Each structure stands twice: as C-alpha cells, then as structure tokens.
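# Architecture at a glance
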Amino acid sequence: MVQQETLDRVFASLADPTRRDILIRLGAGPATISELTEPTGMSLTGMRKHVRALEDAGLVVTRKVGRSRQCRLSEAPLDSAMAWIAFYRRLWARRLDGLDAYLTLTTEDRDHDTPHASDTTPSGHP
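Read on for a plain summary of the structure. (Residues numbered from 1 in each chain as written. Predicted model: local features only at pLDDT ≥ 70, side-chain atom pairs only at ≥ 80, totals over all residues. Heavy atoms only, no water.)

Let's shift gears to a negative patch on the surface. On the surface, Glu108, Asp109, Asp111 and Asp113 cluster together to form a negatively charged patch. You can see Asp111 is positioned in helix α5 (residues 76-113). (Patch = residues over 30% accessible without salt bridge, like charges linked within 9 Å, V, L, I, M, F, W, Y side chains within 5 Å. Areas by Shrake-Rupley, 256 points an atom, 1.4 Å probe, with all protein chains shown as cover. Salt bridge = Lys/Arg side-chain N within 4 Å of Asp/Glu carboxyl O. Lys, Arg positive; Asp, Glu negative; His and termini not counted. Charge placed at Lys NZ, Arg CZ, Asp CG, Glu CD. Helix = DSSP H or I, 4+ residues; strand = E, 2+ residues; numbered from the N terminus.)

The end-to-end C-alpha separation of α5 is 56 Å, in line with the 56 Å expected for 38 residues at 1.5 Å each. Regarding α5, the residues found buried are Pro77, Ala81 and Leu91. (Expected span 1.5 Å × (residues − 1). Buried < 20%, exposed > 50% of the residue type's maximum accessible area, 1.4 Å probe, protein only.)

This part takes up the sheet that holds strand β3 (residues 68-73). The strand order across the open sheet formed by three strands is β1-β3-β2, and the pairing between neighbours is antiparallel. The open sheet has two edge strands with one neighbour each: β1 (31-32) and β2 (60-65). Sheet analysis places β2 next to β3, joined by six bridges and oriented antiparallel. Bridging from a neighbouring strand, Arg63 pairs with Gln70 of β3. Along the sheet, helix α2 (residues 17-27) contacts β1, β2 and β3; its crossing angle with β3, the most-contacted strand, is approximately 85°. (Pairing = 2+ DSSP bridges. Contact = heavy atoms within 4.5 Å. Axes fitted to C-alpha atoms, helices over the stretch in contact; angles between N-to-C directions.)

What follows covers the pairing of β3. Where β1 and β3 come together, two bridges link them in antiparallel fashion. In the sheet register, Thr32 faces β3, and the bridge partner there is Gln70.

Bringing the side chain of Thr32 into the picture now. Note that Thr32 resides in strand β1. Here Thr32 is in contact with Ser68, Arg69 and Gln70, once residues within four sequence places are set aside.

With that settled, the discussion passes to the packing of aromatic side chains. Applying the stated rule across the entire model yields three aromatic pairs. Considering the side-chain rings of Trp84 and Tyr88, the 4.9 Å spacing of their centres and the 50° angle between planes classify their relative orientation as tilted. Residue Trp84 and its partner Tyr88 are both found in helix α5; the two are separated by four residues, about one turn of the helix. Classification of Trp84 as partly exposed rests on a relative accessible area of 38%. Linked through ring pairs, Phe11, Trp84, Phe87 and Tyr88 together constitute an aromatic cluster. One residue, Arg95, lies across the ring of Trp92, its end atom 5.1 Å from the ring centre. (Phe/Tyr/Trp six-rings, centres within 6.5 Å; stacked < 30°, edge-to-face > 60°. Lys NZ or Arg CZ within 6 Å of the ring centre and 35° of its normal.)

The subject of this paragraph is the layout of surface pockets. The space that makes up the largest pocket amounts to roughly 160 Å³. Counting residues per element, the ones that place at least two in the lining of the largest pocket are α2 and α3 (33-37). If you tally residues by element for the lining of the largest pocket, the top one is α2, at five residues. (1 Å grid on protein atoms, 1.4 Å probe; cavity = no way out; pocket = protein on both sides within 12 Å on 5 of 7 lines; lining within 4 Å. Points joined across faces, edges and corners; volume = space filled by probe spheres on them.)

Structural data, given as structure tokens:
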C-alpha cells in the first residue's frame, strides 16, 4: 500500500509540466527556489508550492542555506517509478509477443486451408 501511495504521488507530480521543468533544471545541479523561479516568471509563492509537491512525492530534497532554500533531486522515487514501468513494459512485451505468435500461426493455418488459384484449371477441374 505504501509503495502504491508513493507511485501515486510521483506520477501526480510528473503530470504537471512546471514540475517536470523543475526536475529537468535540477538535473543540472542544485538550485535555490529563487533560481528556479527566475526563468518562469512565476511568483516565489507559486514556485514554493510546486517544490513542496515535489518534496512530498520525494522527488526533491530541500534544505535551508542561509536565507534561501536549496533544492536538489532525490532519485529513489524515480527509481521506483522506473521499476514499475519496466515491469509493465516486460509484461506487455510478452503479451504482444504471444499475440504475434498466435496471429502468425492462425495466418499460416488459414493459408494452408485455402486453395490457391494455381491449384485449379479455369474450368474448375484439377
């Protein structure tokens, strides 16, 4: 249940384009909330709300440095999300491979059961 709640928070956070942009920026290295706010034109209060949501999801870790708050990526929740995605990717790949094999067999069977035009003469007699 805890794992499911973590995934819910991670995917909810990733659904927001502003939060994805924050994660991309933090991928280049730590930044203060002010530094994250500058290129967006967003208010500090708005940016703090986004950072707080990312922090609640465990995607970002913040710490107070002097008068500012430093933000950095936390990879553990992303690793959990990637593991979840990889599991379902393998599952669907196996299912699609099975469907492909089934369709190939049924197509071959149908081709063997259907007489070809070259098997008969124009009068319909072999």
